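# Examination of the molecular architecture
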Protein chains: 2
Amino acid sequence: MSNTTAPKRKGKQTAETPGVYIIGAATVAGEKESQGPFGNLYDLCDNDPYFGESSWEKAETKLQKRAAQMAATKAGLSMKDVELLIAGDLLNQCISSSFAVRELAVPFYGIFGACSTMAQSMSIGAMAISGGFVANAICGTSSHFCSAERQFRTPVEYGGQRVPTAQWTVTGSGMAALSNTCPPNGAPRVSHITIGKINDKGITDPNNMGAAMAPAAADTITAFFADSGISPADIDLVVTGDLGKVGMEITGEMLSEQGINLNGKYKDCGVMVFSDDQNVNSGGSGCGCSAIVFCAHILKELNEKRLNRVLLVGTGALMSPTSTGQGESIPAIAHAVLVENS
Amino acid sequence: MSNTTAPKRKGKQTAETPGVYIIGAATVAGEKESQGPFGNLYDLCDNDPYFGESSWEKAETKLQKRAAQMAATKAGLSMKDVELLIAGDLLNQCISSSFAVRELAVPFYGIFGACSTMAQSMSIGAMAISGGFVANAICGTSSHFCSAERQFRTPVEYGGQRVPTAQWTVTGSGMAALSNTCPPNGAPRVSHITIGKINDKGITDPNNMGAAMAPAAADTITAFFADSGISPADIDLVVTGDLGKVGMEITGEMLSEQGINLNGKYKDCGVMVFSDDQNVNSGGSGCGCSAIVFCAHILKELNEKRLNRVLLVGTGALMSPTSTGQGESIPAIAHAVLVENS
């Protein structure tokens, strides 16, 4: 006996995921993000970093829950019709996601991909839908500057100096609703997924995540083109998740060495999410970075046909303060999803 | 346009996953586990809690890596032929899994389901294979008594007193190799998955995880029977992941209230993994608990046809020391996979 479903596998890391539509998405963002280039695109912005809660962690929980609820509403789904929610975050034991989902009473997979979570959640969601196991899935993640700073670095009250390679963790959550049913007016499809491998080139500086993650991004982008047979000429945009200026430059160089020239069709969510005058050094970071840029800006460009084929490459640094303290270098991973109009 | 794949969805939380075979599995365990009822079934036991490494975290990384390598070998797969590895663990940012996978160079999804991870990883792996997205997947998890104690409670050197409801975190890793190809002599199939919802009944005592997780276990077991149309009479065993004696008793009572009587066909990995004389209070716990009991004992019973239809229900408590410190109760989840010979 063998599997009765026709293989959708393409090459070593990629698969086609036919029949998966992004039918809605929502974003919640903080004050600094609201002042960035996409400030007017976020569904909800709050200038209170606590979002009315008593701790940074509860604030992050709240913004993720609100994003999930709004994504369902915008997709025309009541929460009881949601068949799967996939989320993760940066906090220890992913508490933002678990506590956000707690009151939603939906089937839930918790995942951990650090800042690759947005792409990873859509990757798993696309398989679940395309394979016929669920009819829809809400996929997303969150991060919060203050909850991340005190967990990974020092409490913000310390006012620590930031090095030029440092990035600024985005306060925000993005959630995308995927469905097996295309709405009457059409919707962008998640048509391919490329599952990342861990890359670790020996970077040990936790203030230089871009350099740590760049090899993983280049590796997954290279795998996507090799596996799918799609050429860079057939893509409108490759957008990496939060590598920042430093990591983006390294990724561009590594791709050139592989003979992949994206010729101005390459951007990075970490570079895009804030303006140059917002004092964020190398750029934005955190799970919420690619989540809000994708769900607010990229999807709008796709829905309004200014972009028609975008490879979203979420990048994650899979270390912890404990591993760094024990002298370990930083393993990184990148997951890609191809989102296209057709 | 709609999805071209026939729906495999059954009811609100369950799906069929045809064509997924467990073609190999491996376990690594610590000294205390080796002295338990299944001590002679583990593939590798080491009496050194450091497993030759310099920290508890590196020890846990090593045992998870060895389990993955052995699972691949026992399944007749070289690591370069592995199309997906799905793993997670209890440590902050799931570093045991990320660092274990780092040198294996395989496509990787990190997940977080606390002690439900073994079942959750097989649940996602079964979808990925049954849907035709990958040909095989290695699914598993690990935990380590010492790395968990110092992260969640106090360093073991403190010699803290343990309350009667406390459980003992298993030092061990279990990994199962799933494939779309049935071996000539047959193999147990992962035939159904039930995706859990988060349950939180307000338990705030982190030393009584069994009580916190029991409602999630009962909820998922109830959903499985309702969704699948399979009756308890058609099952040889329902085995929950690490509820321990306290949680198992509560789960049994909650199921009875739902009219589900398993009549002696209900066991718990946390109760099974250690003997009564091993001084573990309510029983074993940790991601590794259901992983080693399933991969070493349950699979052997299935392979040797003493059991033919087993519902594995992994149970996870999704809190962190931070959430507990902030006065939150403990959200819990349970994921189920039906494993059967046929």
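Within each chain, residues carry numbers counting from 1 in the order of the written sequence. Chain A is the first chain written and ligand 1 is the first ligand written, with later ones labelled in order. Local features in this predicted model are restricted to residues of pLDDT 70 or higher, and side-chain atom pairs are both shown and tallied only at a pLDDT of 80 or more, whereas totals for entire chains, interfaces and linings draw on every residue. Based on all heavy atoms of the structure, the side-chain values leave hydrogens and waters out of the count.

## Regarding the relation of the copies chain B and chain A
Least-squares superposition aligns the copies on the C-alpha atoms of those residues with pLDDT at or above 70 in both. Mapping chain B onto chain A leaves a residual RMSD of 0.0 Å; the transformation is a rotation of 180° accompanied by 0.0 Å of translation along its axis. The transformation just described matches what one would write down for a two-fold rotation axis. The C-alpha atom lying nearest the rotation axis in chain B is that of I111(B); the distance is 1.9 Å. Comparing interface residues between copies, 100% of those in chain B also sit at the interface in chain A, which points to an isologous, same-surface contact. Contacts were defined at the residue level, with two residues in contact if any of their heavy atoms lie within 4.5 Å.

## Comments concerning helix 5 (residues 145-152) of chain B
All names here are of chain B. Note on exposure labels: buried denotes an accessible area under 20% of the residue type's maximum, exposed denotes more than 50%, and partly exposed covers the range between, all computed with a 1.4 Å probe on protein chains only. What counts as a helix is a DSSP run of H or I of at least four residues, what counts as a strand is a run of E of at least two, and both are numbered from the N terminus. Most of helix 5 sits out of view: 7 of its 8 residues are buried. The set of residues buried in helix 5 consists of F145, C146, S147, A148, E149, Q151 and F152. Of the surrounding secondary structure, the elements contacted by the buried residues of helix 5 are helix 2 (56-74), strand 7 (136-143), strand 8 (168-169) and helix 10 (321-325).

## Quick notes on the pattern of salt bridges
Salt bridges are defined as contacts in which a side-chain nitrogen from Lys or Arg sits within 4 Å of a carboxyl oxygen from Asp or Glu. In this structure the tally under the stated criterion is 36 salt bridges over all chains. Note that R102(A) and D200(B) form a salt bridge whose closest N and O atoms lie 2.7 Å from each other. Here R102(A) is found in helix 3 (residues 95-102), whereas its partner D200(B) is found in the loop between strand 10 (189-194) and helix 6 (209-228) on a different chain. Taking relative accessible area as the criterion, R102(A) reaches 17% and is therefore assigned buried. Judged by its relative accessible area of 22%, D200(B) falls in the partly exposed class. Through salt bridges with shared partners, one network takes in K58(A), K65(A), R102(A), E103(A), D200(B) and E328(B).

## Some thoughts on the environment of G88(A)
Residues and elements named next belong to chain A. Mapped onto the secondary structure, G88 falls in strand 5 (residues 85-89). For G88, a relative accessible area of 0% puts it in the buried group. What G88 contacts, discounting residues up to four positions off in sequence, is Q64, S97, I111, T117, G140, T141 and S142.

## So, the interface of chain B and chain A
Facing the 75 residues of chain B at the interface are 75 residues of chain A. Surface buried jointly by chain B and chain A totals about 5,900 Å² across both partners, of which 57% is contributed by carbon and sulfur atoms. Buried area is a sum: the accessible area each of two parts loses on coming together, probed at 1.4 Å, counted once for each and added. For the chain B face of the interface with chain A, the top three residues by lost area are Q93(B), Y109(B) and F133(B), together amounting to 15%. Put simply, chain B and chain A have 8 salt bridges between them. R102(A) is the salt-bridge partner of E328(B), the closest N and O atoms lying 3.1 Å from each other. Distance and chemistry together define a polar contact, namely a pair of N or O atoms within 3.5 Å, with one atom able to donate a hydrogen and the other to accept it when in protein, and with adjacent residues in sequence counting only for side-chain atoms on both sides. Put simply, chain B and chain A have 36 residue pairs in polar contact (both at pLDDT 80 or more) between them. Within the residue set of the side of chain B that touches chain A, elements represented by two or more residues are strand 2 (14-16), helix 2, helix 3 (95-102), strand 6 (108-110), helix 4 (117-130), helix 5, helix 10 and strand 15 (332-340) of chain B. Here the side of chain B that touches chain A gets 7 residues from one element, more than from any other, and that element is helix 4 of chain B. Residues are grouped as follows: nonpolar covers Ala, Val, Leu, Ile, Met, Phe, Trp, Tyr, Cys and Pro; charged covers Asp, Glu, Lys and Arg; every other residue, Gly included, is treated as polar. In terms of residue class, the side of chain B that touches chain A is built from 36 nonpolar, 26 polar and 13 charged.

## Quick look at the packing of aromatic side chains
All names here are of chain A. Two rings from Phe, Tyr or Trp (for Trp, the six-membered ring) form a pair when their centres are within 6.5 Å of each other. A pair whose planes differ by under 30 degrees is stacked, one over 60 is edge-to-face, and the rest are tilted. A complete count under the given rule lists 6 aromatic pairs over all chains for this structure. Taking the centre distance of 4.0 Å and the plane angle of 10° together, the rings of Y50 and W56 count as stacked. According to the relative accessible area criterion, W56 is buried, its value standing at 9%. Plain terms: the ring middles of F145 and W168 are 4.0 Å apart, the flat faces sit at 5° to each other, and that makes the pair stacked. Taken together, the residues F145 in helix 5 (residues 145-152) and W168 in strand 8 (residues 168-169) connect sequence positions 23 residues apart. Judged by relative accessible area, which is 12%, F145 ranks as buried. By definition here, charges over rings are those cases where NZ of Lys or CZ of Arg is within 6 Å of the ring centre and within 35 degrees of the ring normal. K32 extends its terminal NZ or CZ atom over the ring of W168, reaching a point 4.2 Å from the ring centre.

## A look at the pairing of strand 10 (residues 189-194) of chain A
Residue and element names in this part refer to chain A. Buried residues dominate strand 10, accounting for 6 of its 6 residues. At least two bridges found by DSSP between two strands is the condition for calling them paired. Pairing between strand 10 and strand 15 (residues 332-340): 5 bridges, direction antiparallel. Its bridge partner being in strand 15, R189 is matched across the sheet by E340.

## A few points about the side chain of Q64(A)
All names here are of chain A. Mapping Q64 onto the fold places it in helix 2 (residues 56-74). Taking the relative accessible area as the measure of exposure, Q64 reaches 1% and is therefore buried. A polar atom in the side chain of Q64 sits 2.8 Å from the side chain of S142. Once residues lying within four places of it in the same chain are set aside, the contact partners of Q64 are A87, G88, D89, S96, S97, A100, T141, S142, S173 and M175.

## Focus on the nonpolar core
Ranked by size, the top nonpolar core spans 110 residues in total, and within it M122(A) and M122(B) carry the most contacts. When near neighbours in sequence (up to four residues on either side) are disregarded, M122(A) contacts I22(A), C139(A), A176(A), L178(A), F294(A), L312(A) and V337(A). Ranked by size, the runner-up nonpolar core spans 71 residues in total, among them F51(A), V82(A), L90(B) and A114(B). Joining through side-chain atoms within 4.5 Å is the link that ties buried Ala, Val, Leu, Ile, Met, Phe, Trp, Tyr and Cys residues into a set, and such a set is a nonpolar core.

## Quick look at the environment of A59(B)
Residues and elements named next belong to chain B. With respect to the helices, strands and loops of the structure, A59 is situated in helix 2. For A59, a relative accessible area of 0% translates into the label buried. For the pair A59 and S147, spaced 88 residues apart in sequence, the C-alpha to C-alpha distance is 8.8 Å. Here A59 is in contact with P49, Y50, F51, E53 and H144, once residues within four sequence places are set aside.

## Looking at the confidence of the model for chain A
A residue's pLDDT is simply how confident the predictor is in it, with values from 0 to 100. Residue-level pLDDT values for chain A average 95, and 98% of them are 70 or greater. Here the predicted complex carries an ipTM of 0.96, next to a pTM of 0.97.

## Brief notes about the packing of helix 4 (residues 117-130) of chain A against helix 9 (residues 287-303) of chain A
Residues and elements named next belong to chain A. Interhelical geometry of helix 4 versus helix 9 gives an angle of 65° and a closest axis separation of 7 Å. On helix 9, the residues touching T117, M118 and M122 of helix 4 are C287, S290, A291, F294 and C295. Along the lines of polarity and charge, the residues of the contact of helix 4 with helix 9 split into 6 nonpolar, 2 polar and no charged. Helix axes are fitted to C-alpha atoms over the stretch in contact, other axes to C-alpha atoms as well, and angles between N-to-C directions run from 0 to 180 degrees.

## What about the side chain of T27(B)?
Tracing the backbone through its elements, the reader meets T27(B) in strand 3 (residues 21-29). With residues near it in sequence (within four places) discarded, T27(B) still touches L41(B), Y42(B), D43(B), L44(B), M70(B), S173(B), G174(B), A291(B), I292(B), C295(B) and A296(B).

## A word on the environment of E53(A)
All names here are of chain A. Along the chain, E53 turns up in the loop between strand 4 (44-45) and helix 2. The class of E53 is partly exposed, set by a relative accessible area of 31%. Linking E53 and K300, residues 247 residues apart in sequence, is a C-alpha distance of 31 Å. Ignoring anything within four residues of it in the chain, the contact list for E53 reads K58, A59 and K62.

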